[in-house]
Amino acid sequence: QVQLVESGGGLVQPGGSLRLSCAVSGTIFSIRVMGWYRQAPGKQRELVATITRGGITTYADSVKGRFTISRDNIRNIVYLQMNSLKPEDTAVYYCNVRLGDESNHWGQGTQVTVSS
């Protein structure tokens, strides 16, 4: 079994910052890709950012220059530093990992609300 536990969500004013964390545990031999997705009310889940084991990153255009994804390969944790937050960043943020066996796993989600 693989467990993903997210933390760091909350309420923040526009222009503020939050840092999300996702700790992965369980029977893991290797984690190929770690990432963050988000889903706003009434919208489909969308990619926010991903990072490979080697550190190659991808970002949605809407967050480039504001969000930074990073990972700790020893402790199996992925982070998402979110700066200059906007109301349109409001969503439930989900952690995702793709393991070496190509299986895909999701966290339970953490709410991020950007509002004054």
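All of the points below concern the structure found in this document. (Residues numbered from 1 in each chain as written. Predicted model: local features only at pLDDT ≥ 70, side-chain atom pairs only at ≥ 80, totals over all residues. Heavy atoms only, no water.)

### Focus: the pattern of salt bridges
Two side chains that carry opposite charge are able to pair once their charged atoms sit near each other.
Here is step 1 of the chain: For the structure shown, the criterion picks out seven salt bridges.
Here is step 2 of the chain: Of the charged contacts, one joins arginine 38 and aspartate 89 as a salt bridge, the two residues approaching to 3.0 Å between their closest N and O atoms. Here arginine 38, found in strand 4 (residues 31–39), pairs with aspartate 89, found in the loop between strand 8 (77–82) and strand 9 (91–99); they are 51 residues apart in sequence, far enough to count as distant.
Here is step 3 of the chain: For aspartate 89, a relative accessible area of 1% translates into the label buried.
Here is step 4 of the chain: Among the salt bridges present, the one from arginine 98 reaches glutamate 102, with a minimum N-O distance of 3.7 Å.
Here is step 5 of the chain: Residue glutamate 102 is classed as partly exposed on the basis of its relative accessible area, which comes to 43%.
Here is step 6 of the chain: Taken together, the salt bridges that share partners define one network made up of Arg38, Glu46, Arg66 and Asp89. (Salt bridge = Lys/Arg side-chain N within 4 Å of Asp/Glu carboxyl O. Helix = DSSP H or I, 4+ residues; strand = E, 2+ residues; numbered from the N terminus. Buried < 20%, exposed > 50% of the residue type's maximum accessible area, 1.4 Å probe, protein only.)

### So, the nonpolar core
Here is step 1 of the chain: Among the nonpolar cores identified, the biggest contains 29 residues, and Trp36, Leu80, Met82 and Tyr93 are the most heavily contacted of them.
Here is step 2 of the chain: Secondary structure elements with two or more residues in this core: strand 1 (2–7), strand 3 (18–26), strand 4, strand 5 (46–52), strand 7 (67–72), strand 8, strand 9 and strand 11 (110–114).
Here is step 3 of the chain: If one sorts the elements of this core by residue count, strand 9 sits on top with five residues.
Here is step 4 of the chain: Those residues in contact with methionine 82 that sit more than four places away from it in its chain are Gly16, Ser17, Leu18, Leu20, Arg66, Phe67, Tyr93 and Val112. (Core = buried A, V, L, I, M, F, W, Y, C linked by side-chain atoms within 4.5 Å. Contact = heavy atoms within 4.5 Å.)

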